[in-house]
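Observations on the model geometry
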Amino acid sequence: MKTFNYHLVKDIKEAKKISSAHSTFLAGGMTTIPSMKLGLGTYKDVIDIKGIKKLSGIKSSGKILKIGSTTTHAEVAKSKEVKKSIPSLAALAEGIGDPQVRNRGTIGGSIANNDPAADYPSACIALNASINTSNNRKIDAESFFKGMFETTLKKGEIIESIDFEIPQKSNYQKLPNPASRYAVVGVYVAKYKNGTNVGVTGAKPCVYNDKNLGKALSKSFSSSAIDNVNVSASGMNSDIHASAYYRANMVKVFAKKAVETC
Amino acid sequence: MASLVGSRVERKEDKRFLTGKGRYTADINIANQTYAAFVRSPHARAKIKKIDTSKALKASGVVDILTGEHIAKDKIGGLIAGWAIRSEDGSEMKCPANPPLAKDNVNFVGDPIAVVFAETLDEAKAAATLVNVEYKVLKAVTSLSDTMKSEAIHEGIDKNLCYDWLLGDRQKVKEAFDKADKIIKLDITNNRLIPNAMEPRACVIDYNTASEEITCYTTSQNPHLSRLIMSAFGGVTPENKLRVVAPDVGGGFGSKINLYNEEIVCSWASKKIERPIKWVAERTESFLTDTHGRDHITHAELAVTNDGKFLGFKNETIANLGAYARVFGTVTPTYLFGPCATGVYIMPAAYSNVKAVYTNTAPVDAYRGAGRPEATYTIERIVDKAAIELGIDPIEIRMKNFPTEFPFKQTLVHQVDSGDYVAGLNKAKEMADYDGFADRKKESESKGKLRGIGVTTYFEACGIAPSPVVMMLGCGVGLWESAEVRFNPTGQVTVYTGSHSHGQSHQTTFAQIAADELGVPIENIDIVHGDTDKGTFGMGTYGSRSLAVGGVAIVNACKKIVAKGKKIAAKMLEASVDDVEFKEGEFVVAKSNKKKTIGEVAFASYLPGVRDEVKSPLPEGEEPGLIESSFFDPANFSFPAGSHICEVEIDPDTGEVKLDKYTAVDDFGTIVNPLIVEGQVHGGLAQGIGQALYENAQYDESGQLITASYMDYTMPRADNLPNFDIGYTCTKATTNPLGVKGCGEAGTIAATPTVMNAVINALGGQEISLPATAEKVWKACKEMKKSNSEAA
Ligand SMILES: Cc1cc2nc3c(=O)[nH]c(=O)nc-3n(C[C@H](O)[C@H](O)[C@H](O)COP(=O)(O)OP(=O)(O)OC[C@H]3O[C@@H](n4cnc5c(N)ncnc54)[C@H](O)[C@@H]3O)c2cc1C
């Protein structure tokens with residue numbers, strides 16, 4: 001790892017001031033530090049935002065569950081607030097990586113990184129999430145996740161919190177990659193009064209909203225409702241762990257599992 | 001004092017390992033040390049056109065940069081194969097030169113080319129990126145099945161063939177096959193594995209400019225052997241000027257048997273630059289350059305009668321050696337594989353034919369079980385296939401072909417001294433509730449799941465000795481083991497062993513043996529290993545040999561101590577030697593009931609006199625001191641055996657396999673410490689299960705390792721494994737006084753076929769290749785559904 005300046009900042013203003021083309025934000029470090037060790041990312045300044053108090057915490061207010069960006073996976077997993085309002089989100093957090101990763105990794109880091117196999121992005125899509133940033137933007141999930149490891153965040157823009165719309169019912173099911181435990185395919189189903197959303201991760205280069213599955217489930221919320229929906233393998237990822245064909249099939253299988261366990 | 005052999009003595013090692021106080025090679029720092037970073041080939045096969053170090057030499061902190069040119073100029077020798085194997089046609093095997101730093105050609109991704117020494121690790125790594133190597137990239141040979149048709153990667157090694165070896169009798173096999181009712185055929189791939197020791201390889205070298213002695217701290221399973229090779233073949237420095245120390249070593253599994261490029265290079269360079277050197281592998285370097293394991297493709301055939309008797313067996317195997325032949329690389333797919341390929345069965349005729357080939361991949365060598373897992377996988381899978389094709393229960397077909405009389409002359413090489421395979425399988429069957437499987441299967445089916453049961457019976461040849469036999473078969477050294485037992489004047493005992501512990505808990509097991517032999521409390525016994533300056537010599541630890549060979553050397557040295565002690569005690573007690581008995585740490589004269597403790601005798605042996613009188617406790621001609629050593633070379637290999645049964649549950653919608661139940665019944669002969677043996681069995685099972693369900697090293701066509709991190713290489717984890725039900729039967733080994741057989745590799749050997757037999761059973765007998773990953777199993781489930789609905 002190359003040497004760098006480490007800054008533990010107290011507020012957003014300070015973070016923004018140091019931020020440059022040669023800096024990175026550091027939250028849990030579970031993605032950033034391995035990539036720095038491998039020489040994939042080299043920075044002059046590493047700005048640790050874990051010290052910014054207002055970025056952490058969980059609040060629910062009737063319709064919305066608000067989670068601060070530096071809240072760790074472990075905190076989400078064991079939060080009474082989350083378990084009460086969106087239990088499937090707590091379960092998702094409990095299924096990320098291993099205890100060490102859950103104790104360090106944060107929701108903001110996961111979303112900002114937008115790994116194609118990460119779990120949280122599917123929740124953002126299915127739960128009509130908005131991403132609140134330091135540029136006073138409120139970005140809806142579908143436009144936030146732009147492509148593989150790509151989001152609409154601008155340089156120096158910090159995610160402050162994520163607002164999830166509390167559903168009537170929801171569930172997340174994933175086929176974990178046996179090696180990394182990331183999602184080979186992960187399907188988040190959330191049922192609202194006016195329809196059902198299906199967020200799919202792992203299957204394509206970027207998380208997506210499966211509108212066909214969503215439409216079928218909006219009509220009838222039962223696993224048999226999607227029996228005849230076609231999930232195409234075209235555009236799906238193919239790697240040593242799973243072919244595109246298998247992934248396409250698993251999207252349906254895990255969507256059904258999610259509906260059945262809702 | 002009750003006997004310690006057989007009791008669950010808690011590990012002496014626990015305190016230090018469980019509190020993070022182990023002292024590994026990377027924990028060692030020497031004042032004024034430099035840090036090494038290796039420049040490695042990014043290509044699987046290339047010619048080196050030019051190496052330009054000028055820019056790197058000017059980089060900050062750089063002390064020196066050495067290349068293959070320097071190595072060649074100093075006439076430093078390369079890495080070697082430890083066993084010479086002959087082909088069926090009588091010709092000797094062909095091995096390429098393997099210089100510690102490649103000079104002209106690179107042959108796998110990770111092959112080292114140059115080394116940078118710098119004041120800090122960061123500086124060394126930064127400078128390594130500035131070494132400019134010009135390559136002419138050549139087409140890599142990576143597909144095992146096509147290797148012999150591909151261009152030769154080493155000059156003069158036609159068809160990339162190291163040897164074409166035969167064990168057995170083709171004519172007899174043909175005759176047996178002619179008589180068969182049925183021939184069962186099976187094509188299998190034994191997937192490549194990466195050993196993944198928790199501690200990456202490392203070395204710290206300290207060259208003493210005054211004594212001209214090199215001390216090499218390294219992650220080795222056999223420091224004496226490393227010293228021998230580094231001196232005799234590397235020509236780094238004479239053996240008496242080289243000390244090799246393997247302190248705490250965090251797992252080896254075979255991958256740390258070899259002396260590697262880095263140790264030779266750093267030892268040689270430390271003398272050259274007159275500075276200490278530290279090198280610690282990064283995990284990626286471990287993935288790329290530790291020796292890998294397995295990697296065979298095999299066609300096997302079994303000739304049977306309609307009622308399930310075996311008449312003959314043959315297997316044609318291509319074994320991947322990787323880019324170069326290493327220490328156990330050439331013997332693993334031959335003498336460690338071929339003889340065991342007929343399994344625990346009476347097999348009237350058999351042969352194993354193995355073609356070992358070179359490819360542009362990391363060298364392949366012994367990996368836990370070494371050859372015996374591949375053999376057991378072959379025979380146990382084909383026996384199951386025979387059971388399916390003949391409609392015989394898998395337990396019944398095995399029982400039908402077991403030998404019941406011992407010693408049992410196994411078909412190809414071994415004379416198995418003892419065993420009771422029938423008792424082992426019966427016990428496993430009972431413990432696993434084999435008869436209750438049908439009910440559990442129904443229950444699984446009611447949840448929409450498939451359930452399968454798998455059986456394996458195995459034997460293995462351990463100890464990898466006697467020396468005259470292994471040397472006759474081509475081994476370059478004798479594989480005896482030595483021990484030295486030293487009584488200190490004040491009564492504690494230090495035992496030096498040539499075995500090496502890197503997870504095997506020798507400090508406890510060996511102390512138990514010595515405590516029983518000498519009647520000294522176990523707390524007063526220390527086991528010392530891993531340092532060529534301490535103790536006699538040693539051949540190291542692999543092949544489940546430490547207790548059966550090294551442990552016995554300790555027993556024999558203890559017996560010599562007692563014999564000498566008896567003579568001294570007799571003089572002290574004024575009795576005749578014949579009247580002195582040694583019992584539980586005391587020399588007793590039965591008639592007079594006079595006694596001396598062994599501690600008193602030891603004290604007297606070192607302080608042989610009294611005040612005011614010229615009087616020695618030592619008999620005439622006896623030397624002072626109480627130190628004895630022994631070299632033990634057993635009369636035969638040892639033959640652990642066992643029966644394993646497991647059950648899997650499969651989700652046909654996803655293909656995920658859950659291992660639900662696992663029963664292992666092993667015969668390790670005498671068990672010295674059941675707690676430690678259980679640990680060995682558990683670890684072995686995890687690795688065998690890993691091969692069956694998870695682990696798979698994969699190269700792409702260009703020779704890039706695409707599973708070079710834990711994101712892609714799947715290790716088995718605790719939550720993948722069920723509780724293991726472990727039981728034993730015991731028939732003592734007759735070829736050593738302890739009656740022990742070895743237990744380190746058994747789990748790995750048996751688990752892979754056991755799990756695969758269960759998966760295939762769940763899939764209605766459909767073949768599936770290793771490892772049984774979700775997608776493959778899912779596809780097989782779909783096939784099964786299709787053929788079921790067609791049948792209906
Ligand atoms: C072994 C292992 C297993 C894992 N398994 C899983 C898994 O199963 N599922 C899964 O989803 N993930 C998994 N992860 C990833 C894990 O969830 C990470 O925590 C996550 O990807 C990044 O979060 P972090 O807080 O560590 O971010 P960091 O590594 O600190 O940062 C990641 C990136 O996000 C940026 N960033 C961080 N916070 C903010 C913010 N508030 N605003 C703007 N930018 C920000 C950083 O600048 C950086 O570019 C795993 C990681 C590891 C190491």
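Residues numbered from 1 in each chain as written. Chains lettered and ligands numbered in written order. Predicted model: local features only at pLDDT ≥ 70, side-chain atom pairs only at ≥ 80, totals over all residues. Heavy atoms only, no water.

1. Structural notes on the overall build of chain B
- Helix and strand counts for chain B come out as 19 helices and 28 strands.
- For 792 residues, the compact-globule formula gives about 28 Å, and the C-alpha radius of gyration of chain B, at 28 Å, lands near that figure.
- Its C-alpha atoms give chain B principal-axis dimensions of roughly 105 × 75 × 50 Å.
- The buried share among the 792 residues of chain B stands at 61%.
- Within chain B, contacts between residues separated by at least 24 positions form 80% of all contacts whose residues are at least 6 apart in sequence.
- Carbon and sulfur atoms provide 50% of the accessible area of chain B, an area that totals close to 29000 Å². (Helix = DSSP H or I, 4+ residues; strand = E, 2+ residues; numbered from the N terminus. Rg over C-alpha atoms; globule rule 2.2 N^0.38 Å. Buried < 20%, exposed > 50% of the residue type's maximum accessible area, 1.4 Å probe, protein only. Contact = heavy atoms within 4.5 Å. Areas by Shrake-Rupley, 256 points an atom, 1.4 Å probe, with all protein chains shown as cover.)

2. Regarding the pairing of strand S18 (residues 450-459) of chain B
Residues and elements named next belong to chain B.
- Across the 10 residues of S18, 10 count as buried, placing the element largely inside the fold.
- Side chains Leu 450, Gly 452, Gly 454, Thr 456 and Tyr 458 of S18 all project onto a buried face; the interleaved residues Arg 451, Ile 453, Val 455, Thr 457 and Phe 459 project onto the opposite face, where all are buried too.
- Both S18 and strand S26 (residues 641-650) contribute to a ladder of 10 bridges, which runs antiparallel. Paired with Ile 453 across the bridge in S26 is Glu 647. (Pairing = 2+ DSSP bridges.)

3. Describing the domain arrangement of chain A
Residues and elements named next belong to chain A.
- Parsing chain A into structural domains produces domain 1 (5-48), domain 2 (54-165) and domain 3 (169-261).
- Of note, the centres of domain 1 and domain 2, computed from C-alpha atoms alone, are 19 Å apart.
- On the domain 2 side, the residues contacting the 12 residues of domain 1 number 15 residues.
- Across the interface of domain 1 and domain 2, roughly 970 Å² is buried in total on both sides, 67% from carbon and sulfur atoms.
- Area buried by domain 1 at its contact with domain 2 is led by Ile 12, Lys 16 and Met 30, which between them contribute 46% of it.
- For the interface between domain 1 and domain 2, the tally reads zero salt bridges.
- Here domain 1 is connected to domain 2 by two residue pairs in polar contact (both at pLDDT 80 or more).
- Within the residue set of the side of domain 1 that touches domain 2, elements represented by two or more residues are helix H1 (12-18) and strand S2 (23-26).
- No other element matches the three residues that H1 contributes to the side of domain 1 that touches domain 2.
- Partitioned by chemical class, the residues of the side of domain 1 that touches domain 2 number six nonpolar, five polar and one charged. (Domains from an automatic or database assignment. Buried area = accessible area lost by both parts, 1.4 Å probe. Salt bridge = Lys/Arg side-chain N within 4 Å of Asp/Glu carboxyl O. Polar contact = N/O pair within 3.5 Å; in protein donor to acceptor, adjacent residues only side chain to side chain. Nonpolar A, V, L, I, M, F, W, Y, C, P; charged D, E, K, R; others polar.)

4. Overview of a nonpolar patch on the surface
- On the surface, Phe 4, Tyr 6 and Leu 8 of chain A cluster together to form a nonpolar patch covering roughly 300 Å² of accessible area.
- Relative to the helices and strands, Tyr 6 of chain A is located in strand S1 (residues 5-8). (Patch = residues over 30% accessible without salt bridge, like charges linked within 9 Å, V, L, I, M, F, W, Y side chains within 5 Å.)

5. Notes on the interface of chain A and chain B
- At the junction of the two partners, chain A supplies 22 residues and chain B supplies 22 residues.
- When chain A packs against chain B, the two sides together hide about 1700 Å² of surface, and 51% of this comes from carbon and sulfur.
- On the chain A side of the interface with chain B, the three residues burying the most area are Arg 181, Ile 240 and Tyr 246 of chain A, jointly 32% of the side's total.
- Counting every contact that joins chain A to chain B gives two salt bridges.
- A salt bridge links Arg 181 of chain A to Asp 719 of chain B; the nearest nitrogen and oxygen atoms lie 2.9 Å apart.
- Applying the counting criterion to the chain A and chain B interface returns seven residue pairs in polar contact (both at pLDDT 80 or more).
- Among the secondary structure elements, those contributing two or more residues to the side of chain A that touches chain B are strand S11 (169-176) and helix H11 (244-261) of chain A.
- In terms of residues, the side of chain A that touches chain B owes the most to one element, H11 of chain A, which gives seven residues.
- Of the residues contributing to the side of chain A that touches chain B, the split by class is 14 nonpolar, six polar and two charged.

6. A closer look at helix H18 (residues 746-762) of chain B
Residue and element names in this part refer to chain B.
- Here H18 contains 17 residues, and its C-alpha end-to-end distance of 25 Å stays within 8% of the 24 Å for a straight helix at 1.5 Å per residue.
- Counting buried positions over the 17 residues of H18 gives 16, a clear majority of the element.
- One or two steps after H18, the chain reaches Gly 764, where phi turns positive at roughly 70 degrees. (Expected span 1.5 Å × (residues − 1).)

7. Side note on the domain arrangement of chain B
All names here are of chain B.
- When cut into domains, chain B gives domain 1 (14-138 + 199-250 + 256-289), domain 2 (293-464 + 636-791) and domain 3 (480-632).
- For domain 2 versus domain 3, the separation of C-alpha centres amounts to 42 Å.
- Each partner contributes to the interface: domain 2 provides 21 residues, whereas domain 3 provides 19 residues.
- Here domain 2 and domain 3 share zero salt bridges between them.
- Between the two partners, domain 2 and domain 3, sit seven residue pairs in polar contact (both at pLDDT 80 or more).
- Its residues assigned to classes, the side of domain 2 that touches domain 3 shows nine nonpolar, eight polar and four charged.

8. Details of the packing of aromatic side chains
All names here are of chain B.
- Counted by the stated rule, this structure contains 23 aromatic pairs over all chains.
- Ring geometry for Phe 310 versus Tyr 345: centroids 5.3 Å apart, planes at 90 degrees, classification edge-to-face. One end of the pair, Phe 310, is in strand S14 (residues 310-322); the other, Tyr 345, is in the loop between S14 and strand S15 (349-358), and 35 residues separate them in sequence. Both residues of the pair, Phe 310 and Tyr 345, belong to the buried class. (Phe/Tyr/Trp six-rings, centres within 6.5 Å; stacked < 30°, edge-to-face > 60°.)

9. What about the site of the ligand?
All names here are of chain A.
- Lining the immediate environment of the ligand, one finds 31 residues, of which Phe 25, Ala 27, Gly 29, Thr 106 and Asp 119 sit closest.
- At a separation of 3.4 Å, a nitrogen atom of the ligand approaches a polar side-chain atom of Ser 69.
- Side-chain polar atom of His 73 to an oxygen atom of the ligand: 2.8 Å apart, as the coordinates give it.
- Look at the ligand: alone it shows 960 Å² of surface, and the protein chains cover 90% of it.
- Broken down by secondary-structure element, the contributors of at least two residues to the shell around the ligand are S2 and helix H7 (107-113).
- With four residues, H7 is the single largest residue contributor to the shell around the ligand.
- Classifying every residue of the shell around the ligand gives 13 nonpolar, 14 polar and four charged. (Near = heavy atom within 4 Å.)

10. Structural notes on the sheet that holds S18 of chain B
All names here are of chain B.
- The strand order across the open sheet formed by four strands is S18-S26-S27-S28, and the pairing between neighbours is mixed. For this open sheet the edge positions go to S18 and strand S28 (724-728), each flanked by a neighbour on one side alone. The average undirected angle you get between the axes of adjacent strands in this sheet is 15 degrees. (Axes fitted to C-alpha atoms, helices over the stretch in contact; angles between N-to-C directions.)

11. Structural notes on the pairing of strand S3 (residues 45-48) of chain A
All names here are of chain A.
- Side chains Asp 45 and Ile 47 project from S3 onto one buried face, and the interleaved Val 46 and Asp 48 project onto a second face that is buried too.
- Of the pairings in the sheet, the one linking S2 to S3 comprises four bridges and is parallel in character. If you follow Ser 23 over to S3, its bridge partner there is Asp 45.
- Considered for its hand, the β-α-β crossover made up of S2, helix H2 (residues 32-37) and S3 is right-handed. (Right-handed = clockwise from strand over helix to strand, strands pointing away.)

12. Re the nonpolar core
Residue and element names in this part refer to chain B.
- Trp 83, Leu 302, Ile 650, Tyr 662, Ile 689, Val 759 and Leu 763 are the most contacted members of the largest nonpolar core, which totals 148 residues.
- When residues in this core are grouped by element, the largest group, 10 residues, is from H18.
- Among the nonpolar cores identified, the runner-up in size contains 45 residues, and Val 495, Leu 518, Ile 568 and Val 740 belong to it. (Core = buried A, V, L, I, M, F, W, Y, C linked by side-chain atoms within 4.5 Å.)

13. Concerning the pattern of salt bridges
- A complete count under the given rule lists 65 salt bridges over all chains for this structure.
- Of the charged contacts, one joins Arg 137 of chain A and Glu 157 of chain A as a salt bridge, the two residues approaching to 2.9 Å between their closest N and O atoms. Here Arg 137 of chain A is found in the loop between strand S6 (130-133) and strand S7 (138-140), whereas its partner Glu 157 of chain A is found in the loop between strand S9 (150-151) and strand S10 (159-165), with 20 residues between them in sequence.
- For Arg 137 of chain A, a relative accessible area of 26% corresponds to the partly exposed category.
- We classify Glu 157 of chain A as buried; its relative accessible area is 3%.
- The network of salt bridges with common partners includes Asp 433, Arg 440, Lys 447, Arg 451, Glu 647, Glu 649, Lys 658 and Asp 660 of chain B.

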